[in-house]
Amino acid sequence: MINGDITRLNQFSRFNSVAAARAAEEFGTPIYIYDEAMILNRCQDCLKMPHAYGLTVRYAIKANPNRTLLKIIHDAGLHFDASSLNEVIRAHLAGIPYEKIMLTTQEVYSGQNLDLLKSLLLDGLKYNVCSLRQLYLIGDFACENYIEPGIRIHPGVGSGESATRNTGDEYSCFGIHLSDIDEALKYAWGKWIKFKHVHVHIGSGADTEMWRQNIDIELGIIEKHFKETDSVCFGGGLKEARMPDEQAADIEFLGKYAKTQIEKFNKKHKRKLKMEIEPGTFIVANSGYILTKVIDKKDTAIKSFILTDGGMETNPRPLYYGSQHPIYILSGDGAHVKSSEFSDISGNYSAVVAGKCCESGDCQTLDADGHAISRKMAEPEIGDLAVIGGTGAYCSSLAPFNYNSHTQVPEVLFTSSGDLKLIRKRQTMEQMLENEI
Ligand SMILES: *Cc1c(COP(=O)(O)O)cnc(C)c1O
């Protein structure tokens, strides 16, 4: 007899080893699986965040743009943050109204794309200008059509779990720099444009202190420069705990701090700022699992390796960022979880978890410097499942999936009622090649 509780992979999610084995059999490996209940929980966590005069939670589409997930998140009551015009179109095709989408992008439009942006703005799309050039390109149009763009500010400080994810420091180029604010305001004044919304996103930081600083800095910028602003966005970057020793962002704490500061601001300036946040990672990261199969084992003089059929082409985060993900070893029939970081691991076996790509960085167990390191685990047998946890965000959306001519892998939803539903098919060889001439 298999006890449903005992076979759960961890305490956060109802996803279990039996469902994993069923999914592997029905859809093959490797596959992405998303736990719907976990996504809904995280949406609720964010919507319950304390606030002073209103809260809008925008899901950052780039974390995972699958239309089924967008619909689930939309139905839960969230709005959306898009990083490109294509993301806007994609979300709209998934049934999201333009009024619920805010575009905050590095893209600079001309020709047809600029016309498209303008027509979407008339349809209700919200837009943060992120550079002076972006502002100049829509200035006249905004003036003639009473459109009020938001403005993304580069605060000159940043946070992030790795140097490549820091979006706010002097080495990054997101938003209009503090030193250009006067220029932006002078131009806007000339076009009768009011910046009602101010935005700062400083990166995927774990540090609560950085978040508090961000809130203070942003309110300070509004106080000093933006007399007409009634809405403030603190961006995304709410940390999720993927590994047992990691600490997730304390939403309640951050909300309380923001609430206090916004209330103080109101006391002083008689302006009730609405608040926005833009979590991507926090909403979907821990809902996701990649199911892979152990296809080979090798031992060198100093290390053991297990090879799986899904590596960097499904989860590039260890390679890009040195990220740590939990690895669950399951018997191929799903009868039991042999080991995971969420339970005690007995025995002395440890191994490097490598993929099947011809690339020495194709490894799920890298340290921050990119060195392959061994993980303690139960020694798997060929055919066992190796499940990579914490892979709902920036895996499917960020993966170099056609490397070595592998085909993009399917996505499956583990529904709240415990069913498995295919939500993206496996890419075919023909699809991979169809645009070659
Ligand atoms: C990427 C991004 C987010 C989401 O970041 P997470 O770290 O996934 O929470 C939010 N806002 C903007 C503008 C972004 O570019």
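See above for the structure.
Nothing here was measured: the structure is a model prediction, and the numbers come from that model.

**Thoughts on the environment of Ser110**
Thought 1: With respect to the helices, strands and loops of the structure, Ser110 is situated in the loop between β4 (101-104) and α5 (111-122).
Thought 2: Residues Ser110 and Met377, 267 residues apart in the sequence, show an inter-C-alpha distance of 53 Å.

**Quick look at the site of the ligand**
Thought 1: Near the ligand you find 14 residues, and of these Lys62, Gly237, Glu278, Thr281 and Tyr394 are the closest.
Thought 2: One of the side-chain nitrogen or oxygen atoms of Glu278 is found 2.6 Å away from a nitrogen atom of the ligand.
Thought 3: With respect to the ligand, the side chain of Tyr394 contributes an N or O atom lying 2.6 Å from an oxygen atom.
Thought 4: Here the shell around the ligand is built from residues that sort into 3 nonpolar, 7 polar and 4 charged.

**Overview of the side chain of Glu313**
Thought 1: Following the sequence through the fold, Glu313 ends up in the loop between β12 (304-308) and α11 (317-321).
Thought 2: Look at Glu313: it is buried, it has no salt bridge, and the nearest opposite charge is Lys356 at 4.3 Å.
Thought 3: Excluding anything up to four places from it in sequence, Glu313 contacts Tyr32, Lys356, Cys357, Asp362, Ala399, Pro400, Phe401 and His406.

**Details of unusual backbone geometry**
Thought 1: At the junction of Thr29 and Pro30, the peptide bond is cis and its omega measures out at -5° in the coordinates.
Thought 2: Positionally, Pro30 belongs in the loop between α1 (17-27) and β1 (31-35).
Thought 3: Phi at Tyr146 takes a positive value of approximately 55°, unusual for a residue other than glycine.
Thought 4: Within the fold, Tyr146 resides in the loop between α6 (132-144) and β6 (150-154).
Thought 5: Residue classification places Tyr146 among the exposed positions, given a relative accessible area of 74%.
Thought 6: Backbone geometry at Lys270 places phi at a positive 55°, although glycine is not the residue there.

**Things to note about the packing of aromatic side chains**
Thought 1: With the rule as written, the count across this model stands at 10 aromatic pairs.
Thought 2: Ring centres of Tyr328 and Phe342 lie 6.1 Å apart, and the angle between their planes is 5°; this geometry places the pair in the stacked category. Of this pair, Tyr328 sits in strand β13 (residues 327-330) while Phe342 is found in the loop between β14 (337-339) and β15 (350-354), placing the two residues 14 residues apart along the sequence.
Thought 3: The rings of Phe12, Phe15, Tyr289, Tyr328, Phe342 and Phe414 are connected pair by pair, giving a single aromatic cluster.
Thought 4: Here the guanidinium or amino end of Arg42 rests over the ring plane of Phe282, the centre of that ring lying 4.1 Å away.
Thought 5: Against the face of Tyr257 rests Arg212, its NZ or CZ located 5.3 Å from the ring centre.

**Describing the pairing of strand β19 (residues 420-424)**
Thought 1: Pairing between strand β18 (residues 411-414) and β19: 4 bridges, direction antiparallel. Residue pairing across strands places Glu411 opposite Arg424, the latter belonging to β19.
Thought 2: In this antiparallel pair of consecutive strands, β18 and β19, the connection spans 5 residues, and Gly418 shows a positive phi of 90°.

**Description of the pairing of β18**
Thought 1: Both faces of β18 are covered, namely the face carrying Glu411 and Leu413 and the face carrying Val412 and Phe414.
Thought 2: As paired elements, β1 and β18 share 4 bridges and run parallel to each other. Bridge assignment links Tyr34 to a residue of β18, and that residue is Leu413.

**With respect to the pattern of salt bridges**
Thought 1: Inspection of every chain in the model, using the stated rule, returns 15 salt bridges.
Thought 2: The shortest N-O distance in the salt bridge between Glu263 and Lys259 comes to 3.3 Å. Linking Glu263 with Lys259, this pair stays in helix α9 (residues 251-269), spanning 4 residues, or about one helical turn.

The rules behind these values
Residues numbered from 1 in each chain as written. Predicted model: local features only at pLDDT ≥ 70, side-chain atom pairs only at ≥ 80, totals over all residues. Heavy atoms only, no water. Helix = DSSP H or I, 4+ residues; strand = E, 2+ residues; numbered from the N terminus. Near = heavy atom within 4 Å. Polar contact = N/O pair within 3.5 Å; in protein donor to acceptor, adjacent residues only side chain to side chain. Nonpolar A, V, L, I, M, F, W, Y, C, P; charged D, E, K, R; others polar. Buried < 20%, exposed > 50% of the residue type's maximum accessible area, 1.4 Å probe, protein only. Lys, Arg positive; Asp, Glu negative; His and termini not counted. Salt bridge = Lys/Arg side-chain N within 4 Å of Asp/Glu carboxyl O. Contact = heavy atoms within 4.5 Å. Phe/Tyr/Trp six-rings, centres within 6.5 Å; stacked < 30°, edge-to-face > 60°. Lys NZ or Arg CZ within 6 Å of the ring centre and 35° of its normal. Pairing = 2+ DSSP bridges.

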